[in-house]
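Overview (structure and organization)
So the chains spell out like this:
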Amino acid sequence: IGVIVLLNAVLGFVQEYRAEKAVQALKKLASPAARVRRGGEIGEVPAEALVPGDVILLEAGNLVAADCRVIEAANLQTQEASLTGESAPVRKASDALPQSEVPLGERRNMAFMGTFVSTGRGLAIVTETGMNTELGQIAGMIHGVEREATPLQKRLRQLGKALVAAALFVVTLIFVLGWLRGEELKLLFLTAVSLGVAAIPEGLPAVVTIALTLGAQRMLRRRALIRKLSAVETLGSVTVICSDKTGTLTENRMAAAVLQLAGRRWELPAGDANCRGMPSGEFAPPRLGL
């Protein structure tokens, strides 16, 4: 029994530990740094060292490390798809807004944490950092959601209760019958414990853990990182995914739609991997017969 319990714990721990280490590595890679002007000098500091009132420099390619008010802008545009869902870059300006209450997507004089500068440059004053930012508030709302048991966990819990009830009934019956026959109490006790252990499928949690681990590894090969094993079963039970997004669901990447040559034109099917621009800028449509 001890070996089986230990095996269950080790399997679950190893899988979730690997996933957590991978997530931590991704967080380190994604941890932004900011160029800050302090005391008349410009230096680079990590995002967690920023405080409200810091003046940061925004340049093309930079990831915005905090919510900030733009005070200077030269063709400054930021990509806010991760926050608002809008795929088109948003042009920023230093002018004050005419209204006091403006929707998040229309705050043209603000740059938000988690977005990045697509073009231009500018200066901005940090207004909020960490969990006080717009993105941080969304993260706080996600953490506040109560976790519910998955369908598999509910069924296993019901099965466990039924098995325990049945085992207790059988053990009690055997113990009472043996006692009425005058059997030795020590022997009756050992027999009852043996029957109770035999009635409980100790290997069931191990089988479930192994199955979920195999599922997590298959999803990892498809570039989906699973932090909790129970999520594998939950995703397997999903039949419909409802998503709220402005416009259409996109990957926020440009793709070719039409190939136009002299006297020849091809409509490229949406989502065709062979019709996408490669990272190197190459373009290879193998089915066009060129």
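Per-chain numbering applies: the sequence of each chain, read as written, is numbered from 1 onward. Only residues with pLDDT of at least 70 get local features here, since the model is predicted, and only at 80 or more are side-chain atom pairs given and counted; chain-wide, interface and lining totals rely on the full set of residues. Only hydrogens and water are removed before side-chain values are computed, so all heavy atoms of the structure are retained for them.

**Describing the pattern of salt bridges**
Operational definition: Any Lys or Arg side-chain nitrogen found within 4 Å of a carboxyl oxygen on Asp or Glu counts as a salt bridge. Strands here are runs of E lasting at least two residues and helices are runs of H or I lasting at least four, both read from the DSSP assignment and numbered beginning at the N terminus. Using a 1.4 Å probe on the protein chains alone, a residue whose accessible area is under 20% of its type maximum counts as buried, one over 50% counts as exposed, and one in between counts as partly exposed.
Applying the stated rule across the entire model yields 4 salt bridges. Residues Glu 80 and Lys 92 are paired through a salt bridge, measuring 2.6 Å at the closest nitrogen-oxygen approach. In this pair, Glu 80 sits in the loop between β4 (67–79) and α2 (81–84) while Lys 92 sits in the loop between β5 (90–91) and β6 (110–111), placing the two residues 12 residues apart along the sequence. Per residue, the accessibility class of Glu 80 equals that of Lys 92, and both read buried.

**Quick notes on the confidence of the model for the protein**
We count it as follows: Confidence of the predictor in every single residue is expressed as pLDDT, which spans 0 to 100. What makes two residues a contact is simply this: any of their non-hydrogen atoms within 4.5 Å.
Mean pLDDT over the protein: 78, with 84% of residues reaching 70 or higher. Note on residues 271–284: pLDDT is under 50 here. Beyond four places in sequence and across chains, it has 20 contacts.

**Notes on the layout of surface pockets**
Basically, it comes down to this: The rule is simple: put a 1 Å grid over the protein atoms alone, call a set of points where a 1.4 Å probe fits but cannot get out a cavity, call an open set with protein on both sides within 12 Å along at least five of seven lines a pocket, and count a residue as lining if it has an atom within 4 Å of a point. Grid points are joined across faces, edges and corners, and a volume is the space filled by probe spheres set on the points. Note on residue classes: Ala, Val, Leu, Ile, Met, Phe, Trp, Tyr, Cys and Pro are nonpolar, Asp, Glu, Lys and Arg are charged, and everything else, Gly too, is polar.
Considered as a void within the structure, the second largest pocket measures approximately 360 Å³ in volume. Taken together, 18 residues make up the lining of the second largest pocket; nearest its centre are Leu 152, Gln 153, Leu 156, Pro 205 and Val 208. Of all the secondary structure elements, the ones that give two or more residues to the lining of the second largest pocket are α4 (151–180), α6 (203–221) and α7 (230–236). For the lining of the second largest pocket, the element with the highest residue contribution is α4, accounting for 7 residues. Residues belonging to the lining of the second largest pocket are distributed by class as follows: 12 nonpolar, 5 polar and 1 charged.

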